[in-house]
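Observations on chain architecture
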Amino acid sequence: MTLFHREIAFRCALFPVILCLFAASLPGSQTLHAQAAGEKVEDILEYADLLFSRDQFGVAAQQYLIFIEENPKSPNLQIAWFRLGECYLKVNQVEDAIKSFNFLIETYRTGPFVGSAAYRLAVLRFNAKDYRNSETYFRVAKDQLTNPEARLQAQFYYARSLQLTQQVKEALAEFTKLMEAKAKEENPFYERAMLETARLSFELKDIEKALTIFKQLASEATTKEIKEEAIVRGGLLAAEAGQPEVSNELLAEALKFPDTSPWKNLAQVGAIFNAFTAENYDRVIGLYQNGAYTTPDDSRAKMLLIVGHSYRIKGDLTSALRLYSLVEGKYPDRNEGTEAGYRKLQILHQKGDRTLPELASRFAEKQHRIEAESEYIDMAWLMAAEWHFNEAETSASGPGSEFANKHFGDAARTYQKVRLDNIEEKYREVSLYKMAWSQIESGNAREGILSLTKFIKQHPDGNLASSALAKRAVAYQEQEDHDYALADFQDLSRKYPDAPEVEFALQQIALIYAHQKKTPEMINAYNELLKKFPDTNGAGEAHYWIGVGYFNLEQHQQAIPELETAREMDAEYGDKATLRLVICHYQLENIDKLATEAKHYFESAPAESSVEQRNKRASIPRPVLEYLGKKLALSGDHGRAEYFLSLISTPDDPQKTAAAIWKQLAESRKILKKHVLSITAYDHFLMQTERPSERATAYLNRGISQLCLKEFDAARNSAQESLRSQKEGRTNAEARILLGDIAAANGKLEEAAREYLVVSQIFADPEVTPHALTKAIKAYQSLGNREKAQQLQQDLSNQFPNYQPPASLDYDC
């Protein structure tokens, strides 16, 4: 905290004030010749002065030169030389002015005009930031000027020149003299000298003196700018001096400054630091949110960092990440940028963010270029390794899967980058352990065994010793060194009889049998585990693997009760068991139970799970769901058929779903009267099929759904496309009937009747033809053409005497 206040308060640049050449402040600017002790003013000089007074500086300069040349012994030569320099300044002949003033100083050494010339040169040097030379000229000016105000001004800037050339003690002495030169009420530089004295005292590490002066100025200063600066700097310095009450009081006053005050921003920053020191993180956040900050980079970087810390401590990780990212991006080569990058990684690690490994790698590589021995490098690698390790451990596909192996491999390689001696002691044991674990799980069993052997030797009494022994046994097993594996398991149960890994050891015995593909023995081993540990937390696991054993033996009927028991006993195996139950019922062709289990699997997904968690969850194989959907549709259970087929459809990328699925989805949705969705499915199907007969049928059914939605133009277009796709046959006839239905729905009964008649005349079918005739009869009846209707009714009776029309001639929409 002290460092924060020190830097934000006093590392501000001391910008020099650009001095103006106020002629009236210097002797000789008026009644110049009165300074010559009553000497007679020569005519040329008087003429030059007249020209000067009329701003004819170029001509005046010529006259002054004539005077100087013709009157080398005149007592007014100092006046002339000074005025000559003034003329040159007025016409921007700066170099000539400098020469004139320097000649005056070097020739005459003393006198008010020497002081005035020195002042002019000092101002030029000061404004050019040539403080070494401005110091020399201001010293001459303060010693030679006779005007009291001018002398005070020269003395002030002499002190400033000393200050700006890092002559701190000398500058402090001059400011002290300046304050002693005249009473405060009569000294226009008194408060400014006090302010610089406070600054210099701080620079000399005289904190007490600096704070005393700032507090005095805070209460007594009459100049608004000085008072505001004193209040803010006093508040910041009080915090550093261990006076939090004084600091808070002064900064509270500063927070009342108008927003236009250049010091309010710094006061807000100081208040933020004070609140952070007091662990008042809500106040830190509140002050930050209510302020607008334009502080120097040193203080801004630290301020943003501690605001990020406050958000993190309060649990607002999103805001903390935003602040840390800002600091890291804006100050990449500063310590604050490094720490912000590290803290960001910590939050990503805490959240299990998928971007962590890549960001940690970038951070470590960049930091290595800056400070190769930094512990942040090793901690970054450690977090990345932990992320990979956790990804592998929580893989839904289980140990040995491609996903898990990949992440274990990444974890092993990343753990190897961690220099154990460069991280805290508390992380070393577990890092070595997980590195060994990762090496084994990723398939590098030999390296893993070596690492575990090293671990067991270094940490024989550690909390992970029994687990390491068990893991090494598993590694031996994976290398088919089953005798070594059994020996380790036996050592574990003997040396660590109370260790939780004893149960694990028995589990691994079963796994050895599994590795040897001795599935019955594995089943027996797990049954033995359940016998010895009837109340074990691993009972669900045992039942699960017994079920898996039967599953692998294709004894699906025996697998089902074991998997159901595993799911009931241990929620961890809910998804895994359900997935296998789905496959079991699939193999046994238990369609109803298959549907029940599959739906249970989808509905049991955590409602509030993140996208990342949902992506980790294993999926039921698409062929199983496709098979299930088609079987349900064939049985007339279109509701459940549509549910499962929808799950494997890809409406955002229709080409990824087979045409057959879109077709079945469309048909089921049409039957379910989900016409909008049915039309969409038919559209996707039509994009994938080129067979005319299939296209004709799809267009026909799409048109029916569009008619149901009263989208008459679209329905007509679909019917016409169906006709173009199938030039003859039943589908063609039904498409013509659809055209008639569309016309009838639009109130165009004559057109509808014509379409129906065409079908009855060109297509002979025991169902379609009488259906078309019946629709035509109804149309003519509605048109009032009873004669035509009776004629068609007679044709219908003659041609199809046994035809019974449906209760409704309209589509079931």
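That block above? That's the structure.
One structure accompanies this document, and this report is about it. From a predicted model like this one, the values you see are computed outputs, not experimental measurements. (Residues numbered from 1 in each chain as written. Predicted model: local features only at pLDDT ≥ 70, side-chain atom pairs only at ≥ 80, totals over all residues. Heavy atoms only, no water.)

What about a nonpolar patch on the surface?
The line we're drawing: A residue counts toward a patch only above 30% relative accessible area and without a salt bridge, and it is joined to like-charged neighbours within 9 Å or, for Val, Leu, Ile, Met, Phe, Trp and Tyr, to nonpolar neighbours within 5 Å. Where accessible areas are quoted, they stem from the Shrake-Rupley method and a 1.4 Å probe; at the residue level, only the protein chains shown are allowed to cover. When a carboxyl oxygen of Asp or Glu is within 4 Å of a side-chain nitrogen of Lys or Arg, the pair counts as a salt bridge. Put simply, DSSP marks the helices as runs of H or I at least four residues long and the strands as runs of E at least two long, and each gets a number from the N terminus on. Each residue gets one of three labels from its accessible area relative to the maximum for its type: buried under 20%, exposed over 50%, partly exposed in between, using a 1.4 Å probe on protein chains only.
On the surface, Tyr47, Leu50 and Val59 cluster together into a nonpolar patch covering about 240 Å² of accessible area. Within the fold, Leu50 resides in helix α2 (residues 43–53). Among the residues examined, Leu50 registers a relative accessible area of 36% and is labelled partly exposed.

Observations regarding the packing of aromatic side chains
The condition is simple: Aromatic contacts are taken between Phe, Tyr and Trp rings whose centres are within 6.5 Å, Trp giving its six-membered ring; a plane angle under 30 degrees counts as stacked, one over 60 as edge-to-face, and the others as tilted. Here, a charge over a ring is recorded when the distance from Lys NZ or Arg CZ to the ring centre is within 6 Å and its angle to the ring normal is within 35 degrees.
Overall, the coordinates contain 24 aromatic pairs when judged by the stated rule. Taking the centre distance of 6.0 Å and the plane angle of 55 degrees together, the rings of Phe82 and Phe113 count as tilted. Here Phe82 is found in helix α4 (residues 77–90), whereas its partner Phe113 is found in helix α6 (residues 112–127), with 31 residues between them in sequence. Taking relative accessible area as the criterion, Phe113 reaches 4% and is therefore assigned buried. Just above the ring of Phe52 sits the side chain of Arg83; from NZ or CZ to the centre is 3.9 Å. Positioned above the aromatic ring of Tyr601 is the side chain of Arg617, whose terminal nitrogen or guanidinium carbon lies 4.0 Å from the ring centre.

Focus on the packing of helix α31 (residues 591–603) against helix α34 (residues 638–647)
Defined as follows: Simply put, an axis is a line fit to the C-alpha atoms, just over the touching stretch for a helix, and the angle between two N-to-C directions goes from 0 to 180 degrees. When an angle is under 35 degrees it counts as roughly parallel; over 145 it counts as roughly antiparallel; between 65 and 115 it counts as roughly perpendicular; any other value is oblique. What makes a crossing left-handed is the near helix being turned counterclockwise from the far one by less than a right angle; a clockwise turn instead makes it right-handed. A contact between two residues is defined here by any heavy atoms of the two lying within 4.5 Å.
Between α31 and α34, the least distance of the axes is 11 Å, while the angle of their chain directions is 50 degrees. For the element pair α31 / α34, the angle class is oblique. The chirality of how α31 crosses α34 is left-handed. Each of Asp592, Ala595, Thr596, Ala598, Lys599, Phe602 and Glu603 in α31 lies in contact with α34, whose residues at this interface are Arg640, Tyr643, Phe644 and Leu647.

Here's the deal with the packing of helix α27 (residues 519–532) against helix α28 (residues 539–552)
Quick note on the threshold: In this classification, the charged set is Asp, Glu, Lys and Arg, the nonpolar set is Ala, Val, Leu, Ile, Met, Phe, Trp, Tyr, Cys and Pro, and all remaining amino acids, among them Gly, are polar.
Axis separation between α27 and α28 bottoms out at 9 Å; the angle between their running directions is 160 degrees. With respect to their mutual orientation, α27 and α28 come out roughly antiparallel. For the pair α27 and α28, the crossing hand works out as left-handed. The residues of α28 that touch α27, namely those facing Thr519, Met522, Ile523, Tyr526, Asn527, Leu529 and Leu530, are Ala539, Glu541, Ala542, His543, Trp545, Ile546, Gly549 and Tyr550. When grouped by side-chain class, the residues that make up the contact of α27 with α28 number ten nonpolar, four polar and one charged.

Quick notes on helix α5 (residues 94–108)
Under the convention used in this document: Residue count minus one, scaled by 1.5 Å, sets the expected span of a helix.
For α5, with 15 residues, the first-to-last C-alpha span of 21 Å sits near the 21 Å given by 1.5 Å per residue. Three or more residues of α5 are buried, namely Ala97, Ile98, Ser100, Phe101, Asn102, Leu104 and Ile105. On its buried face, α5 is in contact with α4, α6 and α7 (131–144). A positive backbone phi angle near 70 degrees is found at Arg109, which sits one or two residues after α5.

What about the pattern of salt bridges?
When their charged atoms lie close together, side chains carrying opposite charge are able to pair. A full pass over the atoms with the stated rule returns 44 salt bridges. One salt bridge in this structure joins Arg199 and Glu196, with 2.9 Å as the shortest N-O distance. Here Glu196 and Arg199 lie together in helix α10 (residues 190–203), a separation of three residues that amounts to about one turn. Under the relative-accessibility criterion, Arg199 is labelled buried at 14%. Where Glu229 meets Arg199, a salt bridge forms, and the shortest distance between an N and an O atom there is 2.5 Å.

Structural notes on the state of the cysteines
How we decide: We call a pair of cysteine sulfur atoms a disulfide whenever their separation is within 2.5 Å.
According to the stated counting rule, one finds one disulfide in the structure shown. A sulfur-sulfur separation of 1.9 Å characterises the disulfide bridge that pairs Cys708 with Cys813. Here the S-S torsion is close to -70 degrees, and the disulfide linking Cys708 with Cys813 is therefore left-handed. Highlighted residues: Cys708 in helix α37 (residues 692–708) and Cys813 in the segment after α42 (786–799), separated in sequence by 105 residues. The exposure class of Cys813 is partly exposed, given its relative accessible area of 41%.

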